[in-house]
Amino acid sequence: MAKFYAESELDGTLAGFRLCGPATLKECLEPGTLWQPVFQVTIMANSENGPSVLTGTRRAESNPTHPNVISTPTSMLPLEFARCYVESMTASATELKPVHLTDLRADDLRIVARFRESEQRTVVPDPSAALPYLVGDLLARKLGCESAMEAASREKPLGECRISMIGAGFSYVADRPTEDPETVEPLYEPLLMFGAILELKDPAVIPEHTSSYKDLCWTAPEDFAEGVRTKRIESFNPKFLDEADRADSDSVTVCARGLCLQTTDKVLADLATGAADGASA
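Residues numbered from 1 in each chain as written. Predicted model: local features only at pLDDT ≥ 70, side-chain atom pairs only at ≥ 80, totals over all residues. Heavy atoms only, no water.

A.B. asks: Tell me what's going on with unusual backbone geometry, and back it up with residues and numbers.
C.D. replies: At the junction of Val 124 and Pro 125, the peptide bond is cis and its omega measures out at 5 degrees in the coordinates. Examined against the element boundaries, Pro 125 turns out to sit in the loop between strand S7 (122-124) and helix H4 (130-142). In this model, Asn 68 sits at a positive phi of 60 degrees, which is unusual for a non-glycine residue. Structurally, Asn 68 can be placed in the loop between strand S2 (50-58) and strand S3 (69-71). In the Ramachandran plot, Lys 231 falls in the positive-phi region, its phi being about 65 degrees despite a non-glycine side chain. (Helix = DSSP H or I, 4+ residues; strand = E, 2+ residues; numbered from the N terminus.)

This is the structure we're talking about:
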């Protein structure tokens with residue numbers, strides 16, 4: 001069960017935050033931590049509009065803490081699993097920084113680890129490895145790909161995945177009343193985002209709507225980056241621009257925020273930089 005905290009409740013308690021000083025990633029995953037590990041996947045495919053990234057809107061009925069938020073796919077990770085997973089892949093990190101956040105800003109993701117592409121790439125499904133298991137679980141449980149997962153195999157996979165980075169940050173959740181009726185206190189969820197990439201062979205396996213997401217669509221990377229920068233929802237999905245003038249449209253309740261978007265934004269930026277470096281080499 002996720003727990004939400006006011007800023008005052010984190011200072012001096014949360015590993016790697018302000019009064020506690022820098023902390024290793026391992027220390028942030030110790031038993032009793034206030035950090036919540038989250039598995040996040042940037043799903044890429046060649047759609048009819050070229051290279052694209054999957055986005056969707058979280059359904060209010062299945063995501064009560066983040067209703068109607070444009071999102072890339074995520075799933076909570078058990079702390080013990082996250083701790084063991086980090087231990088297993090630390091050797092492949094190309095960059096490993098201590099977690100040290102001296103201020104609290106919502107949806108401000110700080111990268112604390114990056115990983116080599118060559119040592120992490122694997123197919124989905126692959127029952128012998130942790131990462132494709134996590135990706136497959138997310139595809140089947142939240143993205144309507146149960147049948148596609150059943151039909152796929154290592155010889156005929158749905159795609160290839162790899163871990164890209166781990167980031168730390170705070171997700172704004174809600175406000176709670178204070179003794180002053182004119183003032184509210186923001187509540188945050190301290191998250192460690194395990195950012196993976198899935199290169200999907202066939203984008204058609206993803207439906208437009210599932211029990212977890214509605215308006216799943218494929219967005220050009222440059223439009224995605226613009227949406228993260230401006231928080232304009234039509235950058236992620238042109239449907240919202242078409243509906244903007246409709247009185248009965250629910251697009252007015254949709255917003256673009258969250259560490260999942262920030263994670264994908266940084267993953268895409270790293271991919272673009274890598275492509276540029278490769279082209280100039």
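A.B. asks: Describe the environment of Val 254, with residues and values.
C.D. replies: By the element assignment, Val 254 lies in the loop between helix H7 (239-243) and strand S11 (255-256). Residues Val 254 and Gly 50, 204 residues apart in the sequence, show an inter-C-alpha distance of 26 Å. Excluding residues that lie within four positions of it along the chain, Val 254 makes contacts with Thr 57, Asn 68, Ile 70, Ile 233 and Phe 240. (Contact = heavy atoms within 4.5 Å.)

A.B. asks: Can you lay out the pairing of strand S1 (residues 36-47) for me, pointing to particular residues and giving the numbers?
C.D. replies: S1 sits mainly inside the fold: 11 of its 12 residues count as buried. Note: S1 against strand S9 (residues 184-200), nine bridges, orientation parallel. Each bridged residue has a counterpart across the sheet, and for Gln 40 the counterpart in S9 is Gly 195. Here three bridges tie S1 to strand S4 (residues 74-76), and the two strands are oriented antiparallel to one another. Bridge pairing links Val 38 to Met 76 in S4. Inspection of the sheet shows S1 paired to S2 by four bridges, in the antiparallel sense. The residue bridging Ala 45 from the neighbouring strand is Ser 52, located in S2. A loop of two residues connects S1 with S2, the two strands running antiparallel in sequence. (Buried < 20%, exposed > 50% of the residue type's maximum accessible area, 1.4 Å probe, protein only. Pairing = 2+ DSSP bridges.)

A.B. asks: Summarise the side chain of Thr 264; cite the residues concerned and give the values.
C.D. replies: Tracing the chain through its elements places Thr 264 in helix H8 (residues 259-280). For Thr 264, a relative accessible area of 0% translates into the label buried. A polar contact is formed between the side chain of Thr 264 and the side chain of Thr 72, at a distance of 3.3 Å. Excluding its chain neighbours within four sequence positions, the residues that come into contact with Thr 264 are Gln 40, Thr 42, Val 53, Thr 72 and Phe 224. (Polar contact = N/O pair within 3.5 Å; in protein donor to acceptor, adjacent residues only side chain to side chain.)

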